Amino acid sequence: MNERTIGNLLSYCTSLVNLTIDDSDYPFMTGRIFSESICNLNNLATVRRLEIQSSQYLSDAILMRISNIMPNLEHFSLSGDQITFHPAIWKRFYPSRQNFKYSDSVLTFKIVQNIIELRSETLTSIDFSRTQIGSDGLIALCKIPGLKLTVLNLEGCKNISQPGFEAIFSDQTGIIDLNINFCCNITDSIFRDICLRLERLKKFSFRKVSGITLCGLECITLLKEVRYLDMGYSDIFHDRQTQIVREKSLSAHLTHLDLGGLAFGQSFLKLISAQLKGLQYLNIQSCPVNDSMFAEITSNLLKLNVLKVAYLSISDQALTGVARVVASDEVDNKSDVQNRHRIPLGLGYEEVIKTQARCKRVLKKTLETLSPDVAGPSLNNLKRLKELDLTHCVLVSDLSLMFAFKFFCLKTLSIAKCNITDEGLESLVAQPMPLNRTIEELDLSECTGITDRGLCKLLPELKRLRKLKLAGCIGLTVKTIETVMTYCPQLRCLDVSGCCRIPLESCYSLRDALPLLRIVQQGTGLLVCNPPLHFPAEGPQNGDQHRRFGP
C-alpha cells in the first residue's frame, strides 16, 4: 500500500486505539505520509499505542507529523528503526537554529527525545529494542521532566553500558515491565540494581544474557511481585542454584516461566514444580529433561495452560505415566524367528530399531490392560492445557496420542518431527466428544509416517482448525488437498512445503475454492488469496465517517 491508501484507510478509523506499521518501507519513501496534502487525519487523537518498526525511511519530519496528530500516546515503539545518535549527524542536518525545518532524510534521537518530552504526561511505555541507543540516550531520557515509565524494552541494545543502566534504573523506579534480552553488557552489579530498585517489577525478561553469574542471579529472589520471568539460554545455572532457590524461594505470584536452553538438574526442576504450583506457562525446550523429571511437571503443575517441551528426550512412558518397560524374552525370540532373512543395517542400529519396536508393543499391551488408578502422573493430568509443543521429541509415538491426549480446551498442538503415523492421528479424534476437537493450530511437519488415510479421518473432526502445517510430509497426495477443500472451509493457512506428491495444480484449485486461504509451497512462493479491499480515491466526505469500506 502507498501513503495515499494508508491515509484513506485511517481516515475511516474514528475510534482507533492501536496503530502498528511493521517492516513497511514503501509508504515512507516519498516522505509525504500523514501529511495534509495526502489526507486530513484529525481523527487519530484516540490513538494510544503507536508502533513504527523496522522502517528504513522514517524521518524527523514524518515522526513530527505523526506526533502532532496523535497527542495522547501512551505507548511509543521505534523498534528496529535506524535512529542516529551521533552529534555530528545532528550538526550536519541542523547547522543552525534559524529557519529550522525538520529533515526528510534522517531520523535523529534529539527529535525523538523532543517528542517524548512533549508527550511525557501521558507516555508510560517506550520500546527502543534493536536500535543503536547507548548510555547517553538513556541518561538523556532521565532528564525529561515528568516522565514516569512503567514499560521499557531494550532488547538487543548492545551499546548500553553500566552508566546508562544505572541512570535509568535509579530514575525510573516505577517500571513494572522490563526487557533486556540479548544485552551483552549486563553484569552482576547491574542485575543487582534492577532487583533492588525496581521493587514493583512484574514482567522481567533477560534471555541470553551471559554476563550474569550466580552472585547476581541470587538477587532474583528479591522480586516478590514478579509474574513473568524469561531467563532462557542464559547459561548461568549451576548446582548451587538449587540451594539458592531452596533457601530463598521465588515469587509466589509467578505464572510465566521460561527456562529454555538452561542446563539445570532434576533437583532444581523438582523444587520449582513444588514451589510454583500456580504456574500457567512453562518453557523447558532444549533442556536436559528425562522421563522422571517430566513426571514432576505432570504431577505438580496442574494449572498449566502452555507447555513447551520441544527437543527433549522424553518418551511415551513419560506422557502416558507408565514406568519403563522391558521386552520379554518371548517377544525377543519371536522377533528373531520372523527376521531370520533380514538385511543387516550395520553399526548395531538394527538392534536399536528392534528394541524400540519391542518396547512399543509391550507398552501398548500394558496400557490396554492397566487400570487408571495404578498408572502414574501422565499428560492427562493437565486438564487446562491450551498449547502443547512436542516438536522433535523423536521418542514420542502413536501411543501418546492414543492414551495421553484427552484435552477439552487444547488449541495449539505441535508434534512435528515425532514418530507419528496414521494410527495416531485416527486415535486423536477417536476419543468421545468433545475431547481433542478444539484444536485451531496443528503442526505435523516432517511426520513422514502419515498418509492421506490419517488426515482423511482427522480433518473432518477438527471444525475449528485455522492453521495446518504439513511441510515435509512426503506421503501425502492430492487426496489431502481434496479433503481440505471439502471439510476445512474455515482454514486460513496451509503449509505443504516439501510435499513432493502434491502437484501445484491442486494448490491452485484449492485457492479458487477457498479464497481466504493462504497456501505455502516451497519452490512456488507464497500464494495469498485474500480478496483485495477497495478504498475511495479521497477520504470520507461529510456525513460519511461511519461508512463501511470494501467490496
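In short, a report on the structure.

## Focus: empty space enclosed by the protein
Next, step 1: With the rule as written, the count across this model stands at 2 cavities of 30 Å³ or more.
Next, step 2: Counted as a void, the second largest cavity has a volume near 40 Å³.
Next, step 3: Taken together, Glu3, Ile6, Gly7, Leu10, Ile33, Phe34, Ser35, Ile38, Cys39 and Leu41 make up the full set of residues lining the second largest cavity.
Next, step 4: In terms of residue class, the lining of the second largest cavity is built from 7 nonpolar, 2 polar and 1 charged.

## Regarding the layout of surface pockets
Vacant regions in the atomic arrangement are exposed by a probe of water-molecule size rolled over the atoms.
Next, step 1: Considering only enclosed or pocket space, the largest pocket measures out at about 500 Å³ in volume.
Next, step 2: The wall of the largest pocket is formed by 21 residues, among which Ser315, Gln317, Gln356, Cys359 and Leu395 lie closest to the centre.
Next, step 3: In terms of residue count, the dominant contributor to the lining of the largest pocket is helix α14 (residues 349-369) (8 residues).
Next, step 4: Partitioning the lining of the largest pocket into residue classes produces 10 nonpolar, 7 polar and 4 charged.

## Looking at the environment of Asn72
Next, step 1: Relative to the helices and strands, Asn72 resides in the loop between α2 (60-69) and β3 (75-77).
Next, step 2: With relative accessibility at 30%, the residue Asn72 sits in the partly exposed group.
Next, step 3: In this structure, the C-alpha to C-alpha distance between Asn72 and Glu121, residues 49 residues apart in sequence, is 9.0 Å.
Next, step 4: Residues contacting Asn72, with those up to four places away along its chain left out, are Ala45, Val47, Arg48 and Thr122.

## So, the packing of aromatic side chains
How two aromatic rings sit relative to each other is set out by the distance from centre to centre and by the angle between their planes.
Next, step 1: For the structure shown, the criterion picks out 12 aromatic pairs.
Next, step 2: Ring centres of Phe100 and Tyr102 lie 5.3 Å apart, and the angle between their planes is 90°; this geometry places the pair in the edge-to-face category.
Next, step 3: Taking the relative accessible area as the measure of exposure, Tyr102 reaches 33% and is therefore partly exposed.
Next, step 4: Summarising the aromatic geometry, the rings of Phe405 and Phe407 are spaced 5.6 Å apart at their centres and angled 85° between planes, so their arrangement reads as edge-to-face.
Next, step 5: Given the relative accessible area of 0%, Phe405 is considered buried.
Next, step 6: The class of Phe407 is buried, set by a relative accessible area of 0%.
Next, step 7: One aromatic cluster is present, formed by Trp90, Tyr94, Phe100 and Tyr102 through successive ring pairs.

## Describing the environment of Glu117
Next, step 1: Tracing the sequence through the fold places Glu117 in helix α4 (residues 109-118).
Next, step 2: Along the backbone, Glu117 and Leu141 are 24 residues apart, and their C-alpha atoms lie at a distance of 8.6 Å.
Next, step 3: Once residues within four sequence positions are removed from consideration, Glu117 is found in contact with Ile144 and Pro145.

## Description of the side chain of Asp60
Next, step 1: Mapped onto the fold, Asp60 is located in helix α2.
Next, step 2: A polar side-chain atom of Asp60 sits 2.9 Å from the main-chain amide nitrogen of Thr108.
Next, step 3: Residues contacting Asp60, with those up to four places away along its chain left out, are Tyr94, Tyr102, Ser103, Val106, Leu107, Thr108 and Ile111.

## Description of a nonpolar patch on the surface
Next, step 1: A cluster of nonpolar side chains, contributed by Tyr26, Met29 and Tyr57, occupies part of the molecular surface with about 340 Å² of accessible area.
Next, step 2: Positionally, Tyr57 belongs in the loop between β2 (49-53) and α2.

## Points about the pattern of salt bridges
Pairing is possible between side chains of opposite charge, provided their charged atoms come close.
Next, step 1: Per the stated rule, a full pass over the model turns up 11 salt bridges.
Next, step 2: We note a salt bridge from Glu426 to Arg453, for which the minimum N-O separation is 2.5 Å. Pair noted here: Glu426 is in helix α16 (residues 422-428) and Arg453 is in helix α17 (residues 452-458), with a separation of 27 residues, a long-range link.
Next, step 3: With relative accessibility at 23%, the residue Glu426 sits in the partly exposed group.
Next, step 4: According to the relative accessible area criterion, Arg453 is partly exposed, its value standing at 48%.
Next, step 5: Among the salt bridges present, the one from Arg437 reaches Glu461, with a minimum N-O distance of 3.5 Å. Of this pair, Arg437 sits in the loop between α16 and β14 (441-443) while Glu461 sits in the loop between α17 and β15 (467-469); the two residues are 24 residues apart in sequence, bridging distant segments of the chain.
Next, step 6: Taking relative accessible area as the criterion, Arg437 reaches 10% and is therefore assigned buried.

How each quantity is defined
- Residues numbered from 1 in each chain as written.
- Predicted model: local features only at pLDDT ≥ 70, side-chain atom pairs only at ≥ 80, totals over all residues.
- Heavy atoms only, no water.
- 1 Å grid on protein atoms, 1.4 Å probe; cavity = no way out; pocket = protein on both sides within 12 Å on 5 of 7 lines; lining within 4 Å.
- Points joined across faces, edges and corners; volume = space filled by probe spheres on them.
- Nonpolar A, V, L, I, M, F, W, Y, C, P; charged D, E, K, R; others polar.
- Helix = DSSP H or I, 4+ residues; strand = E, 2+ residues; numbered from the N terminus.
- Buried < 20%, exposed > 50% of the residue type's maximum accessible area, 1.4 Å probe, protein only.
- Contact = heavy atoms within 4.5 Å.
- Phe/Tyr/Trp six-rings, centres within 6.5 Å; stacked < 30°, edge-to-face > 60°.
- Polar contact = N/O pair within 3.5 Å; in protein donor to acceptor, adjacent residues only side chain to side chain.
- Patch = residues over 30% accessible without salt bridge, like charges linked within 9 Å, V, L, I, M, F, W, Y side chains within 5 Å.
- Areas by Shrake-Rupley, 256 points an atom, 1.4 Å probe, with all protein chains shown as cover.
- Salt bridge = Lys/Arg side-chain N within 4 Å of Asp/Glu carboxyl O.

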